[in-house]
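Now for the letters of each chain:
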Amino acid sequence: MPAPTTLTAERRPAIPRTVWALGFVSMFMDISSEMIHALLPLFLTATLGASVAMVGLIEGIGESTAAIVKVFSGYLSDRLGRRKPLILLGYGLGAASKPLFALAGAPGLVLAARFADRIGKGMRGAPRDALVADVTPPEIRGRAYGVRQALDTAGAFIGPLLAIALMALLADDMRAVFWFALIPAGLAVLCVVIGVEDRAAPQEGAERRPPVRLADLRQLDRAFWGVVAIGVVFTLARFSEAFLVLKANDEGLPLALAPLVLVAMNVVYSLGAYPAGAWSDHAPPQRLLLAGMGVLIAADLLLALVPGLAGAFLGIALWGVHMALTQGLFAKLVAQNAPASLRGSAFGLFNLATGIAMLAASIVAGLLWETHGATATFIAGAILACVAAALVAGLGRTAPPRGD
């Protein structure tokens, strides 16, 4: 009985060219960003003398800034009916911020650089994720988000590998590594210009929709806000990956090898993103969300309770599994629980809520680390992950988010 399976596979639509282009754009920018991000916690603490609480504050402000900007960029892309200009502006600003990291002589300039970089991320994030849904048939959206996420995350482990190689070649000169990060950032901007096609414009004579108004956001229903609520609690349980770098360093990982933390996490994340996306095209979303939370609980407990680098890296790998199971799924759920005309705004609102949660989570994680140590930080993450799992299970018994 192989014929029906073959026929079904042949009829499945192909992933659009723009989705692949956006994946490669994300990959190049992530290479650039992670070359910096993999070294930034130790650059702040060892070179600039910042405290771990300051690291948490900078990470939290950066991510929450991106989330706030996504609200405006998502709504603006809906109102204009175009996504590419904002995507290009966002990647351009991200590239322009890179030299500030290399020039920083104090934590304040790093905060400014991170702030500018995350504004760029906010400008491009919601329009980019909405454009994926705009150009992709609903029956393969999980796969499309999986492809984009896999390429994005490939950049997130290639970047730290390049950072390790450059640290070896440049005698541990972190500032020089930051300058090299300009090259892939420039390639990302070039790929947007030549590879990304905007959402289709209405044909001549076709009826044009009126511009989106703020009042139209009332069309976002309980299913969408349920996705937002789950995303917030998930994010509270998953603070910045900067704390994974600090944990491995505390367990004895040398400075020059610090980027291996993000390499390990993102290799697992990249390899798992497409299979998880394909799974989400036919499985109930609650199943993937609960699996992701279970894996995050295990990761937090390993990081909290198992000493040594082996325990730390096993926890880091499981953190990557959790990301693969949940991040593309959240993008798919946002797209499918919002009207097509409000997709950009929906992604912006979702990212605003989760970005504020990331700010709170990173600040609390930094303060817990300073006052009670790493164990308390990761135990708190495990407790919040249990709360998130209970919320998902509760919604699953009432009115779960639509997954198809």
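The following paragraphs examine the structure supplied in this document. (Residues numbered from 1 in each chain as written. Predicted model: local features only at pLDDT ≥ 70, side-chain atom pairs only at ≥ 80, totals over all residues. Heavy atoms only, no water.)

On to the side chain of Ser270. Along the chain, the position of Ser270 falls in helix α12 (residues 260-280). Only 2.9 Å separates the side chain of Ser270 from the backbone oxygen of Ala150, close enough to count as a polar contact. In this view, Ser270 contacts Ala150, Thr153, Ala154 and Phe157; residues no more than four positions away in its chain are not counted. (Helix = DSSP H or I, 4+ residues; strand = E, 2+ residues; numbered from the N terminus. Polar contact = N/O pair within 3.5 Å; in protein donor to acceptor, adjacent residues only side chain to side chain. Contact = heavy atoms within 4.5 Å.)

What follows deals with the packing of helix α6 (residues 107-135) against helix α15 (residues 343-372). Where α6 contacts α15, the axes come no closer than 8 Å and their chain directions differ by 135°. Relative to α15, the element α6 is oriented oblique. When the axes of α6 and α15 are compared, the crossing they make is right-handed. Counting all contacts with α6, which are made through Ala126, Asp129, Ala130, Ala133 and Asp134, the residues of α15 involved are Arg343, Gly344, Phe347 and Gly348. In the contact of α6 with α15, the residues fall into 4 nonpolar, 2 polar and 3 charged. (Axes fitted to C-alpha atoms, helices over the stretch in contact; angles between N-to-C directions. Parallel < 35°, antiparallel > 145°, perpendicular 65-115°, else oblique. Left-handed = near helix turned anticlockwise from the far one by under 90°. Nonpolar A, V, L, I, M, F, W, Y, C, P; charged D, E, K, R; others polar.)

Moving on: the nonpolar core. Within the largest apolar cluster, 83 residues are counted, with the highest numbers of intra-cluster contacts made by Phe234, Leu244, Leu289, Trp319, Phe347 and Phe378. The element best represented in this core is helix α14 (residues 308-336), accounting for 11 residues. Once you skip the residues sitting within four places of it in the chain, Trp319 turns out to touch Arg238, Phe239, Glu241, Leu244, Met265, Leu296, Ala299, Asp300, Leu303 and Phe378. Among the nonpolar cores identified, the runner-up in size contains 28 residues, and Met35, Val55, Ile58 and Val177 belong to it. (Core = buried A, V, L, I, M, F, W, Y, C linked by side-chain atoms within 4.5 Å. Buried < 20%, exposed > 50% of the residue type's maximum accessible area, 1.4 Å probe, protein only.)

Working definition: an aromatic ring pair is given by the centre-to-centre distance plus the angle between the planes. Taken as a whole, this structure holds 7 aromatic pairs when the rule is applied. When the centroid spacing of 5.2 Å and the interplanar angle of 90° are considered together, the rings of Phe234 and Phe330 count as edge-to-face. Placement of Phe234 in helix α10 (residues 222-237) and of Phe330 in helix α14 is noted, with a sequence separation of 96 residues between them. For the ring pair Phe243 and Trp369, a centre distance of 5.9 Å and an interplane angle of 40° mean the geometry is tilted. With a gap of 126 residues between them, Phe243 in helix α11 (residues 242-250) and Trp369 in helix α15 connect regions that are remote in the sequence. Each member of the pair, Phe243 together with Trp369, is buried. Cluster of aromatic residues (ring-pair linked, three or more members): Phe234, Phe330 and Phe350. Positioned over the ring face of Tyr91 is Arg124, at 4.4 Å from the centre of the ring. (Phe/Tyr/Trp six-rings, centres within 6.5 Å; stacked < 30°, edge-to-face > 60°. Lys NZ or Arg CZ within 6 Å of the ring centre and 35° of its normal.)

What follows is about the pattern of salt bridges. Scanning all chains against the criterion turns up 12 salt bridges. Measuring nitrogen to oxygen at the nearest pair gives 3.7 Å for the salt bridge that ties Arg148 to Asp129. Taken as a pair, Arg148 in helix α7 (residues 141-169) and Asp129 in helix α6 lie far apart in primary sequence, 19 residues in all. A single network of salt bridges, built from pairs that share partners, joins Asp78, Arg83, Asp134 and Arg343. (Salt bridge = Lys/Arg side-chain N within 4 Å of Asp/Glu carboxyl O.)

The next subject is empty space enclosed by the protein. All chains considered together, the criterion is met by 3 cavities of 30 Å³ or more. Here the second largest cavity defines a volume of roughly 60 Å³. If you trace the second largest cavity, you find it lined by Tyr145, Gly146, Gln149, Ala273, Ala276, Gly277, Ser280, Ala324, Leu325, Gly328 and Leu329. Going through the elements one at a time, α7, α12 and α14 are the ones with two or more residues in the lining of the second largest cavity. Here the residues of the lining of the second largest cavity sort into 6 nonpolar, 5 polar and no charged. (1 Å grid on protein atoms, 1.4 Å probe; cavity = no way out; pocket = protein on both sides within 12 Å on 5 of 7 lines; lining within 4 Å. Points joined across faces, edges and corners; volume = space filled by probe spheres on them.)

A few words on the side chain of Arg148. Assessed through its relative accessible area of 3%, Arg148 is described here as buried. Of note is the side chain of Arg148, whose polar atom sits 3.1 Å from the side chain of Ser26. Residues in contact with Arg148, not counting those within four places in the same chain, are Leu22, Gly23, Ser26, Arg128, Asp129 and Val132.

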